[in-house]
Amino acid sequence: MIPPLSAGSSRFTSLASRLLLLGLLSCTPANAHDHHAHSPALSRLPALVPTTAPGLPAAPVKVLNAFVQATPPGMSDSSAYLTIVNTGRRPLKLRGGTCPLARTVVPMRQVNAASGTPGVTTTGMQDVPFLLVPAGGKLVLPVGGDHLMLSALKRPPRAGETVKLTLIFDDHAPLTLTVPVKRL
Ligand SMILES: [Cu+2]
């Protein structure tokens, strides 16, 4: 979801955790040789971007109805929506992804919370370490629900184009898709 612009809405992501995520996710394989420069505190954290070492099995998934939301100029974030079917016998953890248009691609949950005004709930989103694709089941990331957040866009995704979207699962090779950009 694009973050709502109204002041009354709330995002549940703490600035600190987002900054930490940004820092970790910027450790792409291209600068992996810089890892020794990380502080000890940082290097103890679990890696969010698995290595792309050869030998990792392909994720046993089918991806359906994937698309990235088109955004007007000036927006800093967009979202990817898709359904992931796990054809394997073990649950899969979707850790996030990469996209050339965005600095980070992280899994987010849509959450509703009491606003303080009786009868009114606010909608927000919260980044989570992973979203689970149940064994033999599916993870649905629908418009208005859980999603992959494309943050710090380098440019807006434009309706009609296609973009590369790489999904990152635990214990499996990254899966790169070519997905359409659609206006909601
Ligand atoms: Cu989001």
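A short tour of the structure in this document, coming up. (Residues numbered from 1 in each chain as written. Predicted model: local features only at pLDDT ≥ 70, side-chain atom pairs only at ≥ 80, totals over all residues.)

**Overview of the nonpolar core**
Then, number 1: Counting 30 residues, the largest nonpolar core has Val68, Ala80 and Leu150 as its most contacted members.
Then, number 2: Mapped by element, the contributors of at least two residues to this core are strand 1 (61–69), strand 2 (78–86), strand 3 (92–99), strand 4 (102–114), strand 6 (131–133), strand 8 (147–153), strand 9 (162–169) and strand 10 (175–182).
Then, number 3: No other element matches strand 9, which puts five residues into this core.
Then, number 4: Beyond its immediate stretch of four places on either side in the chain, alanine 80 contacts Ala66, Val68, His147, Leu148, Leu150, Leu165 and Val179. (Core = buried A, V, L, I, M, F, W, Y, C linked by C-beta atoms within 7 Å. Buried ≥ 20, exposed ≤ 12 C-beta atoms within 10 Å, placed from the backbone. Helix = DSSP H or I, 4+ residues; strand = E, 2+ residues; numbered from the N terminus. Contact = placed C-beta atoms within 7 Å.)

**Quick look at unusual backbone geometry**
Then, number 1: Phi is positive for alanine 152, which is not a glycine, with a value near 55 degrees.
Then, number 2: A positive phi angle is found at aspartate 171, which is not glycine, with a value near 65 degrees.
Then, number 3: Tracing the chain through its elements places aspartate 171 in the loop between strand 9 and strand 10.
Then, number 4: In this structure aspartate 171 comes out as exposed when scored by C-beta crowding, with 11 C-beta atoms within 10 Å.

**Points about the environment of leucine 64**
Then, number 1: With respect to the helices and strands, leucine 64 occurs in strand 1.
Then, number 2: In the structure, leucine 64 is positioned 20 residues away from isoleucine 84 in sequence and 6.4 Å away in space, judged by C-alpha atoms.
Then, number 3: Leave out the neighbours within four places in its chain, and leucine 64 touches Leu82, Thr83 and Val85.

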